[in-house]
Amino acid sequence: MSSALGEFEQLVLLAVLRLGSEAYGATIRREIETRADRELSISAVYTTLQRLEQKGLVRSRMGDPLPERGGRRRKYVELLPAGARALKAAYSAFAGMAAGVEQRLKAL
Amino acid sequence: MKRLALFLIGVATPRADRESVAGDTLERYDELVVSHGPSAARRWLWRETCRVIAGAPAHRLSARPAAHGDPPGNRSGLMPSLWQDVRYALRGLWRSPAHVATVVFCLGVGIAASATVFSIVNALFYRDLPGVSGRDRLVRVWLAAERPGGLLSAPSTNDVRVWSAAAGRHVEGLTSEGDVSVAAAFDGATMTASAAFVPGNYFRLLGTRPGAGRLINPNDDRAGAPPVVVISHHAWRQRFGQRLDAVGQVISIGGRATFVIGIAPEGFGGVELSELGTPAGSRLDFWLPLAFADGMPGAPPADASWHAAIARLGDGATSAQAAAELSASLPKRAGAPGSSRARVVTSPLNAGPGDLPQDVAIMIALFLAVPLAVLAIGCANVANLQLARATERAREVRVRMSLGASRLAVVRLLAMEMVVLAVLTGAIAMGGTQLIVGLLVSFVPLPIAIDWRVLAFAMIVVGGVMILAGLAPSWLATRQVSVSPWRESGASGGLRDSALRRGLVALQVALSLVLLSTAALFGRSLQHMYVGASAVTQELVVGRVDLGVVDYDDAAAAQFIDDVTARVTADGRVRGVGIHSVRSVRYRTSGQGDDQQQSALARYVSASWFEVMDIRPRAGRLIGSGDERTAAVVNERMAGRLAGEGSAVGQTLIVRASDNVPPSIVQVVGVIANERRPPDPHDDPAIYLVLDDPPASFSLVIRTTAPAAALPSIRSAAAEVDPRVPWMDVTTGAALLARDVSPIRYLVLTAGGLGLLALLLAASGIYAVMSYVVSLRRPEIGIRMAVGAKPGDIVRMILGESTRSVLVGLVIGLLLAIPLFFTVRFLFVGISPLDPAALGIPAAVLVGTAILAAIVPARRGSLVDPVRTLKEHG
C-alpha cells in the first residue's frame, strides 16, 4: 500500500464515511453531486470504487434484490481500516497545508 | 426509451457491476422524476447514458485486473493495445504520403460514386410525403379475399363509408382518396386535370395545413353543399400562374362551376408518391369533396374499387389490430362461391423497394452495381498494395511471430493501417459525395439528400472495403509466414504471393470488361434507337385525347374524331393523320382451348396509321381501308409466337378484349417489324386490329413537315370542335424519343464514365503487379541474359505473362457478363446481349491497355545488367 489518494478517490471515501451503512453507488454519487457540487457519471463512481477495492481500502458486498430497482441488488461499500488510515492521512495533509491560510483561501 | 437507456448502460458496464449500476441509475432516475419531473429525468438519463458509454473503457479497465487477479496497474487490456496499433498505423501512414494518396484515390472514387448512386436510389424510394404529418401512424388499407395471398383490391366508396363508421379503438380515423381525370376550364382554357375525390376528414386525418385559404372539411362533403375545390400548389404555379387571387376564383370542373377555397401546401400530392423523376406534389391538381363525385362525368360509381384508403392507427394500436377491427365491420359479401368473406389488410403508407416491378428493380440494381464494381476494382488495387507492403514488412512480421505474437495480433497490426485509411477515405469520399449531390440536385428533379440511410450504406461499404482491402490481404500475407516462420530469405512472399496478385489483376480485368461492355451495350442500344427512329419520328406529332370526361355516344365520338382529323389535316404541312388506341387483350389461336389464352398488346388502328408511321409489311399485307374488322396484322415478335404452327399469315386468332365482350375472330393478313420507335419503344408481342367503335381514349398520330410549328394549331383543334375535350398531351415524336432514351442515356453515361475509371484503375493495377514481378525476377532475368537471351526476349516474356493474366480475366469477365446481360436483355433495344462489337471492343481495349501498362516494367526488366544482378544475388 503506497500511493497517495487521488482527489476523486478522497471524495468517494469521504462519501462512504458519511453514509456509513447506507453507502452504495447511487447514494455516493448523490452525496458528491450535492456536497461537492459536480455532476458525475455512475461509471466514474464505480471505476473509483474498483480501484479503491483493489488497493484494499474498501470492500463491497451485494445486498438483497429490491423491487424499486426492478429486482436489482445494491452493492454496498464499507470503509476498511487501511482506507480509514489513508483518508485520515490525506485529510491531515490537506488540513496541515491549509492551516493558517483559511481566511486567505476564502478570500480567493 | 428508459429501457433502451438502461440497456445501453448495461452493455457499456462490465458484467461485475452491471446489476448495481443499472439499479443505481434507476433509483436516481426515479428520484429525479419526483424532484424535477419526468422530462428532466429523461434528459438526465440520456446524458448519463452518454457519460457511462464515454466512461466505459476506463471502467472496464479498472474491472479487468480484479477479474483476472493480475497485479493492479498492468494495463494489458484490449483498448490500449488497439490504441497503440492505431498510433502505429498513423505514424506509418504519415511517413508514406504517396501511399495514402494512392489508396484514397483508388477507394475514394468508388466510395463516392457508390454513395452518390445510392443516394439517388434512396431519394427515389424513401421520398417524403410533404404535408402529411405523423406518417408512421398511417397505413394503407386494402380489401383482400379470405384466402391468404389472395389478390388485394382497392376499396369502393361504399367500403370506405362502412369502415369510417366502424373505426374504433385501434383506428383513430379512416379516409380515402379516389383519383380520376376530369375536364376543367378556367379563364377560357380547357385542360385535363388529375383530381382526387376525398371525404371531408381527409386533410384533418393527414394533418395537412393549407398553403392558402382553407381545405376541405366535413361540411363540404355533403350532398347539396356548394361545389368547392382545393388546388395543389403545383397546379397553382403551373396552371394559375401563381395568381394571388386564385382562392375565390371559379373553375368549371366536369361542367360545374366550382369555387377554389384553398391551395394545398407546397409539395403536397396526396397519399401516394409522385412518379419517379417528377417534382413532388405534381401528382394531383385538384381535391374535390367525395359527395361531388356523384354524377361527375368520369367518376366511378360508389361500388367501384377506386379508392386509396388510409387509416390512422389509434394510440398504441398495431396495424394488425387495426386490420382486424376493420375486417369485423365488413358486411358478408355475396361474392363468388368459395370466397366466403373478404378481409382487410394493411400495408405501410410508403411503397418500398419490394413493390417495384421486376424490370425497374433490375435496372436499379444494375445502376447500383456499376459503382460498386469500380469500388471492387479499387479494392483489388489496394489489396495489391497492401500485399506489397506486407511483403516489405515480412521480416518484421516474422520477428514478431517468432517472438510469440499470435497471427491475429499481427493481422491486426497490418490491417489497422487499412482500417485507418478506409475510415479516412470514407470521410473524404462522403465529403465528395456531398459535393456531387449538391451539384446533382440542380439538374435532377429529385430531393436527393444524404440522410442516415446513405450514411449507413457508406459505412457498410467502408466496412466491406476494410475486409476486402485490409483484413483479407493481411491474413493471406501472414499465412506464408506461419508456414515457415524461420525462413529468412530476402525474396520473400515469392511465387504464391505473386500468384495471388495476378489473380487480383485478373479480377480487375474481369470487372472492367463487365463495366465497359455494359456501357457499350447501352451505347449500341442508344444508337439503335436513334438510327431506327430518326426518319419518321422527326416528322411526327402525337396527341392523346380522352373522351371519358364527356358523355359521348358512339356516333358523337366518331363525329368528334372526324372533325378533329379534318381540322388538323386542313393545315397544308400535315401529310397524314392516323389514329390508334392501345389495349391489352387475351388471344388464342383457333386450334387452342380457352385455357391456353395468352396476353398481348392490341393496337386498334385506322387504315391510314401504317402509312403515317411509315410501316411496311415484312410478310403478307397491311390492313387497308377496304378491310373488314376481321383482318389483323401482327408484329414479328407475335409472329414468332405463332410460327409454331407454320407461317403466321393466314392464321385465325380469337381475340378477347375483356370478359364482358364477345371475342372477335380475326385472320392475320400480314407481319410487320417490331416497332421500336415512338410512341412505343417496346417490342411486346402486338396485334394490330381495325379500329371500329370509337374508343374512349386514343392517340392521334400526325405526320407533318414542321412538327414544332404545328403544335399550337393541333392543340387548339380539339377545343375548337368541343371545348370540353382537352388534349392529355401533345408532343412531337422527337420529344417522345428523347423521353424514351433518357434513362438509357443516363446508364450509358454512368457506366461509360465509371468504366473508363475502372480501366484506369485496372491499368495501374497491372503496372504495379508487373513492376513487382520484374523486381522479384531480376536474378532469373540476369541468368537468362547471361546465357544469351536478348532484351527483346525478356520484354516478350514479361508481356506474355501480363497478357496471360489479362486473358484469364477476360474469360472470367465473359463468364460473369454473359449471364448478367441475358438477365437484363430487356434493357437493350435492337441488339443481342451478345453483340460482338459491344463485347469485342472492350476486350480489345483491355488487352491493349494491359500491354501498354506492362511495357514499362518489361522494358525495365530488359535493361537488367546481368553481371551486376548475378553479383548481388550470388
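Anything mentioned here points back to the structure above.
Everything numeric here is computed off the predicted structure, so don't read it as measured data.

Draft legend 1. Structural view of the interface of chain A and chain B. Contacts between the two partners involve 24 residues from chain A and, on the opposite side, 26 residues from chain B. The junction of chain A with chain B conceals about 2100 Å² of combined surface from both sides, 47% of it contributed by carbon and sulfur atoms. If you look at where chain A meets chain B, you find ten salt bridges. When the shortest N-O distance is used, the salt bridge between A:Arg30 and B:Glu31 registers 2.4 Å. Inspection of the chain A/chain B interface yields 18 residue pairs in polar contact (both at pLDDT 80 or more). Those elements that place two or more of their residues in the side of chain A that touches chain B are helix H2 (25–35) and helix H3 (42–54) of chain A. Take the side of chain A that touches chain B: its biggest share by element is six residues, from H3(A). Of the residues in the side of chain A that touches chain B, the class split is six nonpolar, eight polar and ten charged.

Draft legend 2. Just empty space enclosed by the protein, in detail. One pass over the full model with this rule turns up four cavities of 30 Å³ or more. The volume enclosed by the second largest cavity comes to roughly 50 Å³. Taken together, A:Tyr46, A:Leu49, A:Gln50, A:Glu53, A:Val58, A:Ser60, A:Lys75, A:Val77 and B:Asp17 form the lining of the second largest cavity. At four residues, the largest contribution of residues to the lining of the second largest cavity is made by H3(A). Its residues placed into classes, the lining of the second largest cavity shows four nonpolar, two polar and three charged.

Draft legend 3. The arrangement of the layout of surface pockets in detail. All names here are of chain B. Computed from the structure, the second largest pocket encloses a volume of approximately 400 Å³. Arg583, Tyr604, Ala657, Ser664 and Asp692 are, among the 22 residues lining the second largest pocket, the residues nearest its centre. Residue assignment for the lining of the second largest pocket shows that the elements contributing at least two residues are strand S13 (574–589), strand S17 (652–656), strand S18 (664–672) and strand S19 (686–690). For the lining of the second largest pocket, the leading source of residues is S18, giving three residues.

Draft legend 4. Geometry of the pattern of salt bridges. Scanning all chains against the criterion turns up 34 salt bridges over all chains. Its salt-bridge partner being A:Arg73, residue B:Glu19 comes within 2.9 Å of it at the nearest N-O pair. One end of the pair, B:Glu19, is in helix H2 (residues 15–36); the other, A:Arg73, is in the loop between strand S1 (58–62) and strand S2 (75–79), on a second chain. Judged by its relative accessible area of 25%, B:Glu19 is partly exposed. Of the residues examined, A:Arg73 reaches a relative accessible area of 31% and is grouped as partly exposed. Here the residues in one salt-bridge network are A:Arg29, A:Arg30, A:Glu33, A:Glu39, B:Arg28, B:Glu31, B:Arg47, B:Glu48 and B:Arg51, joined through shared partners.

Draft legend 5. Just the pairing of S13(B), in detail. Residues and elements named next belong to chain B. Across six bridges, S13 lies against strand S20 (residues 697–704) in antiparallel orientation. Bridge pairing in S20 places Val574 opposite Thr704. For S13 and S17, the ladder comprises four bridges, and the chain directions are antiparallel. The residue bridging Arg588 from the neighbouring strand is Ile654, located in S17.

Calculation criteria
Residues numbered from 1 in each chain as written. Chains lettered and ligands numbered in written order. Predicted model: local features only at pLDDT ≥ 70, side-chain atom pairs only at ≥ 80, totals over all residues. Heavy atoms only, no water. Contact = heavy atoms within 4.5 Å. Buried area = accessible area lost by both parts, 1.4 Å probe. Salt bridge = Lys/Arg side-chain N within 4 Å of Asp/Glu carboxyl O. Polar contact = N/O pair within 3.5 Å; in protein donor to acceptor, adjacent residues only side chain to side chain. Helix = DSSP H or I, 4+ residues; strand = E, 2+ residues; numbered from the N terminus. Nonpolar A, V, L, I, M, F, W, Y, C, P; charged D, E, K, R; others polar. 1 Å grid on protein atoms, 1.4 Å probe; cavity = no way out; pocket = protein on both sides within 12 Å on 5 of 7 lines; lining within 4 Å. Points joined across faces, edges and corners; volume = space filled by probe spheres on them. Buried < 20%, exposed > 50% of the residue type's maximum accessible area, 1.4 Å probe, protein only. Pairing = 2+ DSSP bridges.

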